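Chain residues, written in single-letter form:
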Amino acid sequence: MTTTTRPSYVPRTRGGLLISCLGFAALAASAAVPELAAAVGPVMGVGFVVAITVIVSVPRLIRPGPTWSRAALPRTFATAVFIGSATVALIALTVRMGNDSPAWGYAAAGVIIGESVAVALVAPEVARRDRS
């Protein structure tokens, strides 16, 4: 019997998910810190696209393994954290374009850092044993 594997667009390892979360937190903080905003550039500019590409691609290169940083996390948890971090960062950047208050950037970065703490503390996925 063949097994099919679904492609995962979300990093499944703890280290990969932490890299993604911290990258999204940096993007959210760029809505509040002018120096970060200058480094990233305008939304949909070259710097922004490169940052998103690194945040999404590099963490997926970390393969699951026996160490703490390479531990595989539950698929549902990893997906929720990844999408939640991206959404919060996008909201902060969108609101910042129409509002001069840096509070949204700081709040979004704080929420994403909180998600990073949850990633660091969650128990890794338990390998299923096939009972035949």
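Up top is the structure.
Residues numbered from 1 in each chain as written. Predicted model: local features only at pLDDT ≥ 70, side-chain atom pairs only at ≥ 80, totals over all residues. Heavy atoms only, no water.

**What to know about the packing of aromatic side chains**
And step 1. Under the criterion given, the structure shown has one aromatic pair.
And step 2. Summarising the aromatic geometry, the rings of Phe 24 and Phe 82 are spaced 5.5 Å apart at their centres and angled 70° between planes, so their arrangement reads as edge-to-face. Here Phe 24 is found in helix α1 (residues 14–29), whereas its partner Phe 82 is found in helix α4 (residues 75–98), with 58 residues between them in sequence. In terms of burial, Phe 24 and Phe 82 fall into one category: buried. (Phe/Tyr/Trp six-rings, centres within 6.5 Å; stacked < 30°, edge-to-face > 60°. Helix = DSSP H or I, 4+ residues; strand = E, 2+ residues; numbered from the N terminus. Buried < 20%, exposed > 50% of the residue type's maximum accessible area, 1.4 Å probe, protein only.)

**Comments concerning the nonpolar core**
And step 1. Core analysis: the largest hydrophobic core is formed by 23 residues, its most contacted members being Leu 17, Phe 24, Leu 27, Ala 28, Ile 112 and Val 119.
And step 2. At the level of elements, α1, α3 (46–57), α4 and α5 (103–121) are the ones that each hand at least two residues to this core.
And step 3. If one sorts the elements of this core by residue count, α1 sits on top with seven residues.
And step 4. Those residues in contact with Phe 24 that sit more than four places away from it in its chain are Ile 52, Ile 55, Phe 82, Ser 85, Ala 86, Ala 89 and Ile 112. (Core = buried A, V, L, I, M, F, W, Y, C linked by side-chain atoms within 4.5 Å. Contact = heavy atoms within 4.5 Å.)

**Side note on the pattern of salt bridges**
And step 1. By the definition in use, this model includes one salt bridge.
And step 2. Residue Arg 12 pairs with Glu 125 through a salt bridge whose shortest N-O separation is 2.7 Å. Highlighted residues: Arg 12 in the segment before α1 and Glu 125 in the segment after α5, separated in sequence by 113 residues.
And step 3. The exposure class assigned to Arg 12 is buried, which follows from its relative accessible area of 17%.
And step 4. On the basis of relative accessible area, Glu 125 is assigned to the partly exposed category, the value being 39%. (Salt bridge = Lys/Arg side-chain N within 4 Å of Asp/Glu carboxyl O.)

**Focus: the packing of α1 against α4**
And step 1. Axis separation between α1 and α4 bottoms out at 8 Å; the angle between their running directions is 10°. Comparing their axes, α4 and α1 come out roughly parallel. Across the interface between the two elements, Leu 17, Ser 20, Cys 21, Phe 24, Leu 27 and Ala 28 from α1 touch Ala 78, Val 81, Phe 82, Ser 85, Ala 86, Ala 89, Ala 92 and Leu 93 from α4.
And step 2. Class assignment of the residues belonging to the contact of α1 with α4 gives a composition of 12 nonpolar, two polar and no charged. (Axes fitted to C-alpha atoms, helices over the stretch in contact; angles between N-to-C directions. Parallel < 35°, antiparallel > 145°, perpendicular 65-115°, else oblique. Nonpolar A, V, L, I, M, F, W, Y, C, P; charged D, E, K, R; others polar.)

**Re α4**
Since one α-helical turn is 3.6 residues long, residues separated by three or four positions face the same way.
And step 1. Taking 1.5 Å per residue as the helical rise, α4 with its 24 residues ought to reach 34 Å, and the 35 Å between its terminal C-alpha atoms agrees with that figure.
And step 2. When we look at burial in α4, the residues that qualify are Ala 78, Val 81, Phe 82, Gly 84, Ser 85, Ala 89, Ala 92 and Leu 93.
And step 3. Buried positions along α4 lie against α1, α3 and α5. (Expected span 1.5 Å × (residues − 1).)

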